[in-house]
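# Examination of the molecular architecture
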Amino acid sequence: MSRSLEDAGLRPAEEFVLRFPHELSGGQRQRVSIAAALALEPDFIVADEPVSMLDVSIRTEILQLMMDLREKRGLTYLFITHDLSLAWILADRLAVMYLGKIVEQGTAEQVISRPKHPYTQALISVVPSPDPRHLAKRTILKGERPDAVNIPSGCRFHPRCPLAFEKCGWSADEVADELRSLSAGGLLPEIAGIQVQNPGTVAIGIVPGMTPGSAAANLRRVASENRDSRLALKGIADIRENGDAIRVTLQAWEEPVLVELEPGNAVACHLVTPPAESVPTVTA
Ligand code: SF4
């Protein structure tokens, strides 16, 4: 049974701050922190990156101490880490988060040995192997993790997902940026301007003297030829003339939700658990 801070003779949590003497090493500080946490006789401990700042030689000692305490005291840890190899060794169950949402969860065996979400697969592909003969194909995610206050639409992983496709949540801004890049590269000489009209439409102006029909035809061809290397182009559902301009309509999308694939193993990805509506043929 857990005790309250008062039961343990301690002040309330907001006043309870551990102050370490400077002469304590990182490992000693972690031991003091663990002892302080155990003073309340908890059943459950949240350990947020408990060994990430420690020297490798000290890490094993602290982890062994935590595992021994788990056995002796029947503790449950919520272990937060960026080190998947560590999670694999320590955890019974894993949950992989991206930008604040769980994208895959299951037993350590399910998640590490048979990862199904592209983010989990990419994380596992870059875990170093001590065997130099083990030449795994590494998936290096492009770009930076987006700002958490500006979460991408649809699947929040889609701007970096190497497998992202039509339904994954491409925004009009992403499609417009890709079209501007193609235009800057000289592939769309008939195009004079690209503007986001609304969340589902991009409007494109035509260079004077060019016909919207030939400009739209060239845009369709270029978008189709480049969609495998510029994935945002997969967000295009339709390209057609609209008076003296061209209207680009975007694919409908939805956010993937966690779906249980087998007991205890759930994944949030349209590739694994397709949205209700089947993916239409791309016209671009
Ligand atoms: S839904 Fe799946 S395929 Fe689409 S972006 Fe997200 S992780 Fe990638």
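Keep in mind that this is a model prediction, so the values were computed, not measured.

### Side note on helix H7 (residues 212-226)
Given a rise of 1.5 Å per residue, 15 residues ought to cover 21 Å, and the 21 Å separating the end C-alpha atoms of H7 matches this to within 8%. Residues of H7 that are buried include every one of Pro 212, Ala 215, Ala 216, Asn 218, Leu 219, Val 222, Ala 223 and Asn 226, and no others. Viewed end-on, H7 has its buried residues packed into an arc of 165 degrees, placing them on one side of the element. Buried-residue contacts for H7 involve helix H6 (172-184), strand E5 (191-198), strand E6 (201-206), strand E7 (236-242) and strand E8 (245-250).

### Quick notes on the side chain of Glu 104
On the secondary structure map, Glu 104 appears in strand E4 (residues 101-107). In this structure Glu 104 is buried but unpaired, with Lys 116 as the nearest side chain of opposite charge at 5.0 Å. At a separation of 2.9 Å, a polar atom in the side chain of Glu 104 contacts the main-chain amide nitrogen of His 117. Here Thr 120 takes part through its side chain, which lies 2.8 Å from a polar atom of the side chain of Glu 104.

### Description of the packing of aromatic side chains
Scanning the model with the defined rule gives three aromatic pairs in all. Both rings, one in Tyr 98 and one in Tyr 119, keep their centres 4.8 Å apart while their planes meet at 65 degrees; by these two values the pair is edge-to-face. Taken together, the residues Tyr 98 in strand E3 (residues 93-98) and Tyr 119 in helix H5 (residues 118-125) connect sequence positions 21 residues apart. Like Tyr 98, the residue Tyr 119 is buried in the burial classification. Look at Tyr 98 and Phe 157: their rings are 4.9 Å apart centre to centre, the planes differ by 70 degrees, and that puts the pair in the edge-to-face class. With a gap of 59 residues between them, Tyr 98 in strand E3 and Phe 157 in the loop between H5 and H6 connect regions that are remote in the sequence. Across the pair, Phe 157 and Tyr 98 agree in class, each one buried. Through a chain of ring-to-ring contacts, three or more aromatic side chains come together here, namely Tyr 98, Tyr 119 and Phe 157.

### Examining the sheet that holds E3
Either a parallel or an antiparallel arrangement is found when strands of a sheet pair, and the pairing is made through backbone hydrogen bonds. Pairing in this open sheet of four strands is antiparallel, and the strands run E3-E4-E10-E9 from one edge to the other. A strand with exactly one partner marks an edge of an open sheet, and here the two such strands are E3 and strand E9 (259-262). Averaged over neighbouring strand pairs, the angle between their axes works out to 30 degrees when direction is ignored. Both E3 and E4 contribute to a ladder of six bridges, which runs antiparallel. Considered in E4, the bridge of Leu 94 is made with Gly 106. Where H5 meets the sheet, its contacts fall on E3 and E4, and the angle it forms with E3 comes to roughly 105 degrees.

### Some details on the side chain of Arg 156
Relative to the elements of secondary structure, Arg 156 occurs in the loop between H5 and H6. Within polar-contact distance, the side chain of Arg 156 engages the backbone oxygen of Leu 99 at 2.7 Å. Contact partners of Arg 156, with chain neighbours within four places excluded, come to Tyr 98, Leu 99, Lys 101, Ile 151 and Glu 255.

### Describing a nonpolar patch on the surface
Taken together, the side chains of Phe 44, Val 46, Leu 78 and Ile 80 define a hydrophobic patch exposed on the protein surface, amounting to about 350 Å² of accessible area. Looking at the nonpolar patch, the elements with two or more residues in it are strand E1 (44-48) and strand E2 (76-80). Mapped onto the secondary structure, Leu 78 falls in strand E2.

Parameters and conventions
Residues numbered from 1 in each chain as written. Predicted model: local features only at pLDDT ≥ 70, side-chain atom pairs only at ≥ 80, totals over all residues. Heavy atoms only, no water. Helix = DSSP H or I, 4+ residues; strand = E, 2+ residues; numbered from the N terminus. Expected span 1.5 Å × (residues − 1). Buried < 20%, exposed > 50% of the residue type's maximum accessible area, 1.4 Å probe, protein only. Arc of directions from axis to C-beta. Contact = heavy atoms within 4.5 Å. Lys, Arg positive; Asp, Glu negative; His and termini not counted. Salt bridge = Lys/Arg side-chain N within 4 Å of Asp/Glu carboxyl O. Polar contact = N/O pair within 3.5 Å; in protein donor to acceptor, adjacent residues only side chain to side chain. Phe/Tyr/Trp six-rings, centres within 6.5 Å; stacked < 30°, edge-to-face > 60°. Pairing = 2+ DSSP bridges. Axes fitted to C-alpha atoms, helices over the stretch in contact; angles between N-to-C directions. Patch = residues over 30% accessible without salt bridge, like charges linked within 9 Å, V, L, I, M, F, W, Y side chains within 5 Å. Areas by Shrake-Rupley, 256 points an atom, 1.4 Å probe, with all protein chains shown as cover.

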